[in-house]
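In case you want the letters, here they are:
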Amino acid sequence: MKYVSTRSSAEKVDAAQAIVAGLAPDGGLYVPESFPAFALGRVKDMAEQPYPDRAREVMGAYLTDFSEAELRACARQAYAPERFGDCPAPLKAVGDLHVLELWHGPTHAFKDMALQMLPRLMPLAMKKTGVDKQVFILVATSGDTGKAALEGFCGVEGTQVGVFYPVDGVSPAQKLQMITQEGENTHVCAVKGNFDDAQTGVKRIFGDEAFARELAEKGVELSSANSINWGRLVPQVAYYFSAYADLLKKGVIALGDEVNFCVPTGNFGNILAAYYAKRMGLPVGKLVCASNANNVLFDFIEQGVYNANRPFHKTTSPSMDILVSSNLERLLYELCDRDGALVASWMQALKSGGTYAVGEAVHRALMESFAAGWADDEKAMEAIARVHAECDYTMDPHTAVAWSVAEAYRAHTGDRRPMVVVSTASPYKFSRSVLTALQGAEAVQALDEFACADALERACGLPMPASLRDLRSKARRHNDVVEPAAMADEVRRWVD
Ligand SMILES: *Cc1c(COP(=O)(O)O)cnc(C)c1O
């Protein structure tokens, strides 16, 4: 399988090259040249396989320059019981819906599903491509990617990892997880601004050729662990197959029945992985894109016009507080029949004017596979309280956005196909918000973050993850705060 850029199909590279590079040289994103067909019989067999084998099968369809033995070793290590418990991606029946829990990894958000895998693929990819430089993984995070990348790359030979997060844009638990990170090859810095400022700053560094030459002289090459990296996306395709296999196993569906997924969406990586699964032949009906008050994707899916010129809202689901969704570019490329020049023109319009319109044919293609909804904080809080009361199940605010949107979708459309709500974080990453939803603002007002977590544990009965409990006693090692313009200088300091 070869990979091409979303902005020009001229140059073709192997998966290993795409993973090492992160971004294509023309600024586009690497995408597979075609979608490998995955026979339904194989999905049926998956029902009897443990998660690491499911992941290896799906990834193997794309990472053809990696051997089966390599992928088996990566999957067994990445999704080992000491990192993910007995079941990395359990599917739970909750009320009329099914919840796919993707937060049983070391940092308790779904980013672990990919960021325990990417650091294992990266050294293999470096060897395959003959890269003998240090690879510096540069990350902009809305909260969860940062910690998951730090945890995944910590101690991985030949790599360093540097994370920028928006200074007031992450939850207290997310911030503590990052600034207490240990390890020689890890770096963390706050940026004054919101996630889009941090992401724009990182993209600027990636696009700066003089800076790349400067780093090359020091034997360092930049790469990305954001979901623009193909190595981030490919492990995510696997859990959609896994969810389908579990529905089969439980007898909820028969082989070939269609299933809908509702995905809480920010940078469009997670839901794009579901679309890839569909294109490989997984019987997926609608992909329901769930947004919070930053509903730029909702408007886009409804109208075919992407317009990032709008107020930025800080919400209780910070990992979805995003106005420029990077991975949408990969979907657009498929929807316009792989016209790289057209994609490039939309991305140029987005960069210069903050908006673009895709035209009727592309919009129609978009609506065939996707539906959209959004839920503000109030609706998400209401869903947390109600599902806790009615089903004895406690969701984090991101999952609650998707739950609320999934319910509204079913009510409006009458679509009765089984609906899987993708659950992206442990409620303990957002203890204050979840506790507020359950007990009201007054009950929570006087509590600090740790007291909120303790009270949440008493209220919901779900055991608090030990690594989150341990945050209280850890040293705060990373305390830098910079203006967006000073981000490159910070990277220089890290590299030296
Ligand atoms: C990253 C994240 C999301 C958004 O996922 P995308 O792939 O960026 O769309 C949703 N919820 C949580 C908890 C996250 O960490």
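A. The arrangement of helix 19 (residues 397-413) in detail. A rise of 1.5 Å per residue sets the reference length of helix 19, with its 17 residues, at 24 Å; its end C-alpha atoms lie 24 Å apart and thus fit the reference within 8%. The element helix 19 is largely enclosed, with a buried count of twelve among its 17 residues. Residues Pro397, His398, Thr399, Ala400, Val401, Ala402, Trp403, Ser404, Val405, Ala406, Tyr409 and Arg410 constitute the buried set of helix 19. One or two residues past the end of helix 19 sits glycine 414, with phi positive at roughly 70°.

B. Spotlight on the packing of aromatic side chains. For the coordinates displayed, the defined rule picks out 18 aromatic pairs. On the basis of an interplanar angle of 5° and a centroid distance of 5.5 Å, the ring pair of tyrosine 306 and tyrosine 356 is categorised as stacked. On the criterion of sequence distance, the pair formed by tyrosine 306 in strand 12 (residues 305-307) and tyrosine 356 in strand 13 (residues 355-357) is long-range, its members being 50 residues apart. Each member of the pair, tyrosine 306 as well as tyrosine 356, carries the same accessibility label: buried. These aromatic residues form a ring-pair network of at least three members: Tyr3, Phe35, Tyr62, Trp230, Phe268, Tyr275, Tyr276 and Phe370. Across from the ring centre of phenylalanine 38, 4.1 Å away, lies the NZ or CZ of arginine 42, which sits over that ring. The ring of phenylalanine 66 is capped by lysine 128, whose NZ or CZ atom sits 4.9 Å from the centre of that ring.

C. Structural detail: the packing of helix 12 (residues 230-249) against helix 13 (residues 269-279). At a minimum axis separation of 8 Å, helix 12 and helix 13 run at an interaxial angle of 60°. One element, helix 12, and the other, helix 13, form an angle in the oblique class. Crossing of helix 12 against helix 13: the hand is right-handed. Seen from helix 12, the contacting residues are Trp230, Leu233, Gln236, Val237, Tyr239, Tyr240 and Phe241; seen from helix 13, they are Gly269, Asn270, Ile271, Leu272, Ala273, Ala274, Tyr276 and Ala277. Its residues assigned to classes, the contact of helix 12 with helix 13 comprises twelve nonpolar, three polar and no charged.

D. Seen up close, helix 15 (residues 328-335). Of all eight residues in helix 15, eight are buried, a share of seventy percent or more. Within helix 15 the residues assigned to the buried category are Leu328, Glu329, Arg330, Leu331, Leu332, Tyr333, Glu334 and Leu335. Positive phi shows up at aspartate 337, right after helix 15, with a value of about 55°.

E. Structural context of the sheet that holds strand 15 (residues 419-423). Spatially, six strands are ordered 4-5-15-10-11-14 in an open sheet, and the strand pairing comes out mixed. Looking at the sheet topology across the chains shown, the edges are occupied by strand 4 (91-94) and strand 14 (370-374). For this sheet, the mean inter-axis angle between neighbouring strands, taken without regard to orientation, is 25°. Note: strand 10 (residues 259-264) against strand 15, three bridges, orientation parallel. Each residue of the ladder has a partner; that of asparagine 260, found in strand 15, is methionine 419. Along the sheet, helix 12 contacts strand 4, strand 5 (97-101), strand 10 and strand 15; its crossing angle with strand 10, the most-contacted strand, is approximately 135°. Here helix 13 sits on the sheet in contact with strand 10, strand 11 (284-291), strand 14 and strand 15, set at roughly 170° to strand 11.

F. Up close: the pattern of salt bridges. As enumerated under the stated definition, the model contains 29 salt bridges in all. Salt-bridge contacts for glutamate 221 lead to lysine 133; the nearest nitrogen and oxygen are separated by 3.9 Å. Note that glutamate 221 is positioned in strand 9 (residues 220-224) and lysine 133 in the loop between helix 7 (118-129) and strand 6 (134-140), a separation of 88 residues in sequence. Judged by relative accessible area, which is 32%, lysine 133 ranks as partly exposed. Taking the shortest distance from any N to any O, the salt bridge between arginine 386 and glutamate 382 comes out at 2.7 Å. One end of the pair is arginine 386 and the other is glutamate 382, both in helix 18 (residues 377-391) and four residues apart, which spans about a single turn.

G. Structural context of the environment of asparagine 185. Of note, asparagine 185 is situated in the loop between helix 9 (172-179) and strand 8 (186-191). Here asparagine 185 falls in the buried class, since its relative accessible area comes to 9%.

Reading the values: the criteria
Residues numbered from 1 in each chain as written. Predicted model: local features only at pLDDT ≥ 70, side-chain atom pairs only at ≥ 80, totals over all residues. Heavy atoms only, no water. Helix = DSSP H or I, 4+ residues; strand = E, 2+ residues; numbered from the N terminus. Expected span 1.5 Å × (residues − 1). Buried < 20%, exposed > 50% of the residue type's maximum accessible area, 1.4 Å probe, protein only. Phe/Tyr/Trp six-rings, centres within 6.5 Å; stacked < 30°, edge-to-face > 60°. Lys NZ or Arg CZ within 6 Å of the ring centre and 35° of its normal. Axes fitted to C-alpha atoms, helices over the stretch in contact; angles between N-to-C directions. Parallel < 35°, antiparallel > 145°, perpendicular 65-115°, else oblique. Left-handed = near helix turned anticlockwise from the far one by under 90°. Contact = heavy atoms within 4.5 Å. Nonpolar A, V, L, I, M, F, W, Y, C, P; charged D, E, K, R; others polar. Pairing = 2+ DSSP bridges. Salt bridge = Lys/Arg side-chain N within 4 Å of Asp/Glu carboxyl O.

Taken by themselves, the reported measurements are silent on function.
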